[in-house]
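Chains, contacts and geometry: an overview
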Amino acid sequence: MRIGELSARTGVSPRSLRYYEQQGLLACERTPSGQRCYSDDHVRRVALIQAFLGAGMSSRTIARMVPCMTEPNPDRARIALTAMHQERHRISSTIGSLVAARAELDRLIDVNLNFLADTAETGRVVEG
């Protein structure tokens, strides 16, 4: 498939797909005239790249993992595994921070709801 079809199937712009290629995240075959040719494996790869980017990984970090996904060997697997563990730890820390922020937001929502309920019952603003 050509870049336009990969774009349509993944929802990722051709410009972004070319960027992924420049960053070493995506490799493709070329026709004799230089057009890019992609396969269904590329659709899955782009989805994985999008998931990693959505989780806050940098293209540099993803690029450290890509060679292991395409051409596995023990050295690449060790490098990729180290990067994966680091990113897993970073994501877990982020999840913890988000859970704490959500809990605080829930508390503030309750405070606000109680304030509004008290105001509605008394018809006046209750000074804190």
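First things first, this report covers the structure right here in the doc. (Residues numbered from 1 in each chain as written. Predicted model: local features only at pLDDT ≥ 70, side-chain atom pairs only at ≥ 80, totals over all residues. Heavy atoms only, no water.)

1. Here we look at the overall build of the protein
A tally of helices and strands in the protein yields five helices and two strands. Counting helices and strands in the order they occur from the N terminus, the protein gives α-α-β-β-α-α-α. Computed over C-alpha atoms, the radius of gyration of the protein comes to 24 Å, more than 25% over the 14 Å expected from 2.2 N^0.38 for 128 residues, which places it beyond the range of a compact globule. Seen through its C-alpha atoms, the protein measures out along the principal axes to roughly 80 × 35 × 20 Å. (Helix = DSSP H or I, 4+ residues; strand = E, 2+ residues; numbered from the N terminus. Rg over C-alpha atoms; globule rule 2.2 N^0.38 Å.)

2. Side note on the nonpolar core
Counting residues in hydrophobic clusters, the biggest one holds 19 residues, and the most contacted among them are Leu6, Leu17, Tyr20, Leu26 and Val46. Residue assignment for this core shows that the elements contributing at least two residues are helix 1 (3-10), helix 2 (14-22), helix 3 (40-54), helix 4 (59-70) and helix 5 (74-122). The element contributing the most residues to this core is helix 3, with four residues. When sequence neighbours within four positions are dropped, the list of residues in contact with Leu26 reads Leu6, Leu17, Tyr20, Glu21, Tyr38, His42, Arg45 and Val46. (Core = buried A, V, L, I, M, F, W, Y, C linked by side-chain atoms within 4.5 Å. Buried < 20%, exposed > 50% of the residue type's maximum accessible area, 1.4 Å probe, protein only. Contact = heavy atoms within 4.5 Å.)

3. Points about the pattern of salt bridges
Under the criterion given, the structure shown has seven salt bridges. Here Arg30 makes a salt bridge to Glu21, at a shortest N to O gap of 3.3 Å. Overall, Glu21 belongs to the partly exposed group, its relative accessible area being 22%. (Salt bridge = Lys/Arg side-chain N within 4 Å of Asp/Glu carboxyl O.)

4. What about a nonpolar patch on the surface?
Taken together, the side chains of Leu105, Ile109 and Leu113 present a nonpolar region at the surface, about 280 Å² in accessible area. Along the chain, Leu105 falls in helix 5. (Patch = residues over 30% accessible without salt bridge, like charges linked within 9 Å, V, L, I, M, F, W, Y side chains within 5 Å. Areas by Shrake-Rupley, 256 points an atom, 1.4 Å probe, with all protein chains shown as cover.)

5. What about the state of the cysteines?
This structure, assessed with the given rule, holds zero disulfides. The thiol of Cys37 is not disulfide-bonded; the next cysteine sulfur, from Cys28, is found 7.5 Å away. (Disulfide = S-S within 2.5 Å.)

6. Considerations on the side chain of Ser7
Mapped onto the elements of the fold, Ser7 is located in helix 1. Apart from the residues within four sequence positions on either side, Ser7 is in contact with Val12, Ser13, Pro14 and Leu17.

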